[in-house]
Amino acid sequence: MDNGIRDELLGRLAAAVGSVTVAHPTRVAIDGPPAAGKTTLADELAVVLREHGREVVRATIDDFLFPRARRYPRGEYSAEGCYFDAHDYDALNRVLLDPLGPGGDRRFQQAVYDHAGDAVLSPPVATVTADAVLVFDGVFLMRPELVDRWDLRVFVSTTLEKTVDRAVIRERRVSTRTDVERRWRERYIPAQRLYFATARPTDHVDIIVHNDEPQWPVWENRTREGL
């Protein structure tokens, strides 16, 4: 394992992206539990890659949710529902990951769900160059439906108890501590345990970022030389 300041980690991740040699856009997965720091890391990496001259598509699993009426057939606090029912993986592959992958036409949509309206969304189709990078963050990205569609796989790890504390702070303006803790302890944390038991995500990733202290991250290189 290596440890260092945040900027050093971002530089190493950008170098890992640059080491990927494919004839289509590089699809980067930033996986990890809720409130582990995935979105922040993905946003920061996108900035660094753009500074290096790469065209970046920034997308997230939250824009591939099913509408609420379809998302909670097992109940709002069901861990199995969180893992099996929440996300539209067929749409994610069809409109984003496959078009940017081998043999794809690079014509894509980066969302299918409208949060404000809780409705299916169909944004305009966009096109990118073969040298572009997709930086995609979200939960459950190493599950069987998705694992083979990434060109670089990063897992952001933190203790599950710490994610509860971060979520309470992050959502304090919209939810009570009691509500947040219930969602995390009954739905999100058990769903992560189910994910680890069934998909074993860290067995499939190239890089693990231990993010308990975001300004002093520790990273573990699984497959990428020079990281």
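To start, this report covers the structure provided alongside it. (Residues numbered from 1 in each chain as written. Predicted model: local features only at pLDDT ≥ 70, side-chain atom pairs only at ≥ 80, totals over all residues. Heavy atoms only, no water.)

What follows deals with the nonpolar core. Core analysis: the biggest nonpolar cluster contains 34 residues, and Leu96, Leu134, Phe136 and Trp150 have the highest contact counts within it. For this core, the elements supplying multiple residues, two or more each, are β3 (56-60), α4 (79-84), α5 (89-97), β8 (133-138) and α7 (177-199). Looking at this core, the element that brings in the most residues is α5, giving 6 residues. In this structure, Trp150 is in contact with Arg27, Val28, Ala29, Leu97, Leu134, Phe136, Leu141 and Met142, ignoring residues within four places of it in sequence. (Core = buried A, V, L, I, M, F, W, Y, C linked by side-chain atoms within 4.5 Å. Buried < 20%, exposed > 50% of the residue type's maximum accessible area, 1.4 Å probe, protein only. Helix = DSSP H or I, 4+ residues; strand = E, 2+ residues; numbered from the N terminus. Contact = heavy atoms within 4.5 Å.)

In the case of a regular strand, side chains alternate between the two sheet surfaces. Here strand β9 (residues 152-157) lies mainly inside the structure; 5 of its 6 residues are buried. When strand β2 (residues 26-31) meets β9, the two strands line up parallel, connected through 4 bridges. Within β9, the position partnered with Val28 by the bridge is Leu152. The pairing of β9 with strand β10 (residues 207-210) spans 4 bridges and is classified as parallel. Each bridged residue has a counterpart across the sheet, and for Ser157 the counterpart in β10 is His210. (Pairing = 2+ DSSP bridges.)

Bringing the side chain of Arg143 into the picture now. Residue position: Arg143 is located in the loop between β8 and β9. With sequence-adjacent residues up to four places away left out, Arg143 is seen in contact with Tyr83, Phe84, Tyr89, Tyr195 and Ala199.

Here we take up the environment of Leu45. Residue position: Leu45 is located in helix α2 (residues 38-51). The class of Leu45 is buried, set by a relative accessible area of 1%. Residues Leu45 and Arg12 lie 33 residues apart in sequence; the distance between their C-alpha atoms is 10 Å. Excluding residues that lie within four positions of it along the chain, Leu45 makes contacts with Leu10, Leu13, Ala14 and Ile30.

Here Arg187 shows up in helix α7. Asp85 is the oppositely charged side chain nearest to the buried, salt-bridge-free Arg187, at an N-O distance of 7.0 Å. At 3.4 Å, the side chain of Arg187 forms a polar contact with the backbone oxygen of Glu76. Among residues more than four places away in sequence, those in contact with Arg187 are Arg71, Tyr72, Gly75, Glu76, Tyr77, Ser78, Ala79, Gly81, Cys82, Ala86 and Arg182. (Lys, Arg positive; Asp, Glu negative; His and termini not counted. Salt bridge = Lys/Arg side-chain N within 4 Å of Asp/Glu carboxyl O. Polar contact = N/O pair within 3.5 Å; in protein donor to acceptor, adjacent residues only side chain to side chain.)

As a further point, take unusual backbone geometry. Among all residues save glycine, negative phi is the norm, and among peptide bonds the norm is trans. Backbone geometry at Asp118 places phi at a positive 50°, although glycine is not the residue there. Structurally, the position occupied by Asp118 is in the loop between β5 (113-114) and β6 (119-120). Even without being glycine, Arg200 reaches a positive phi, approximately 50°. As for its position among the elements, Arg200 is in the loop between α7 and β10.

A few words on the packing of aromatic side chains. If you walk through the whole model with that rule in mind, you get 9 aromatic pairs. Measuring from ring centre to ring centre gives 6.1 Å for Phe64 and Phe136, while their planes differ by 45°; the resulting arrangement is tilted. One end of the pair, Phe64, is in the loop between β3 and α3 (68-71); the other, Phe136, is in strand β8, with 72 residues separating them in the sequence. Under the relative-accessibility criterion, Phe64 is labelled buried at 0%. (Phe/Tyr/Trp six-rings, centres within 6.5 Å; stacked < 30°, edge-to-face > 60°.)

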